[in-house]
Each structure stands twice: as C-alpha cells, then as structure tokens.
Amino acid sequence: MQKEFRKIRENLEKRRREILEKISGEQLLQTSGELAHGDSLDVATSAGDREITFMLKSRELDELRAIEDAIQRIDSDDYGICANCEDPIELKRLEAIPWARFCRACQEELESRRLTGNSDLERF
Ligand SMILES: [Zn+2]
C-alpha cells in the first residue's frame, strides 16, 4: 500500500464506522418502537415506514458501498488510478473524495455527457 493512501484508508474506515453506527442506531430505535405496538395493523404500518426510511437512507448506503469499494481498491493496490484514462488521480482529489474512480478531467467529461452513475457522490 502506498504511504499516502494509509491516511485516506483510515479516514474511509472512520467514515464507514460512522455510517454503520448511524444506520444501526436508527434500526435499534425502530425495533424498540415496534415492540411498543402489537396488532397486525401496526406491523403493516411500520413496514411501510421502514420502506420510506430505507429510501431516505439510500444515499448513505450508496456512500457506504463507495467507501467499501475504495477500501478494497486500496488493499488490492488498485487505488488512485483513473478507471477511464488510467492516469493517477490527483492526491488532492482523493483526499477530498476518497472514493473517486476518475481523475478530474475524466469526471468532468463524464458529467458533461451525463454518463456517470454516481455523479452525486463524486461532484467536486
Ligand atoms: Zn482520467
């Protein structure tokens, strides 16, 4: 692993923990809320609520996936290389967006063509 990626990996792990704690904390709250109720109508209602909560959380889940992907790429020495032009991605950019898969020039080009799937996460 390259030395400069060590700190980025630490930051990624920290952010990953934060998201996991946040998600599991919310699930705990939901579970204890469900325990207070009993009949089937309440169960149906809370299932609907959970779906809405899940949709609201999809941004965090997307980020979690991107973080885990980035950690995996650091571990397999596949990190910091643009997935499009295979040039090294600027370290400054990686520090700002540690899960970035494209160098800035390629990202801008992709965004202008609107071909990127998660431009929301990688806007810079
Ligand atoms: Zn590139």
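Given the structure is predicted, the values throughout are model-derived calculations rather than measurements.

Draft legend 1. Region of the structure containing the overall build of the protein chain. For the protein chain, the helix and strand inventory stands at five helices and zero strands. If you list the helices and strands of the protein chain from N to C, you get α-α-α-α-α. Residues classed as buried in the protein chain amount to 14% of the 124 residues present.

Draft legend 2. Layout of the environment of Arg17. Along the chain, Arg17 falls in helix α1 (residues 3-36). As a C-alpha pair, Arg17 and Leu64 span 47 residues in sequence and 9.4 Å in three-dimensional space.

Draft legend 3. Looking closely at the nonpolar core. Residues Ala70 and Ala100 are the most contacted members of the largest nonpolar core, which totals 13 residues. Those elements giving two or more residues to this core turn out to be α1 and α2 (40-75). A domain split of this core shows at least three residues from each of domain 1 (1-78) and domain 2 (80-124). Apart from residues no more than four positions distant in its own chain, Ala70 is found in contact with Leu12, Tyr79, Pro98 and Trp99.

Draft legend 4. Region of interest: the confidence of the model for the protein chain. Confidence in the prediction for the protein chain averages 80 pLDDT; 68% of positions are at 70 or higher. Looking at the elements of the protein chain, mean pLDDT is at its lowest for helix α5 (residues 119-122), recorded as 52, and at its highest for helix α3 (residues 91-96), recorded as 94.

Draft legend 5. Here's a closer look at the environment of Ala70. Within the secondary structure, Ala70 sits in helix α2. C-alpha separation for the pair Ala70 and Arg101, spaced 31 residues apart in sequence, amounts to 8.5 Å.

Draft legend 6. Unusual backbone geometry, seen in detail. Of note, the phi angle at Asp77 is positive, near 55°, even though the residue is not glycine. Here Asp77 is to be found in the loop between α2 and α3. Judged by C-beta crowding, with 11 C-beta atoms within 10 Å, Asp77 ranks as exposed. Within the chain, Glu86 stands out as a residue other than glycine whose phi angle is a positive 65°. Here Glu86 shows up in the loop between α2 and α3. Of the residues examined, Glu86 has 9 C-beta atoms within 10 Å and is grouped as exposed.

Conventions used here
- Residues numbered from 1 in each chain as written.
- Predicted model: local features only at pLDDT ≥ 70, side-chain atom pairs only at ≥ 80, totals over all residues.
- Helix = DSSP H or I, 4+ residues; strand = E, 2+ residues; numbered from the N terminus.
- Buried ≥ 20, exposed ≤ 12 C-beta atoms within 10 Å, placed from the backbone.
- Core = buried A, V, L, I, M, F, W, Y, C linked by C-beta atoms within 7 Å.
- Domains from an automatic or database assignment.
- Contact = placed C-beta atoms within 7 Å.
- pLDDT = per-residue confidence, 0-100.

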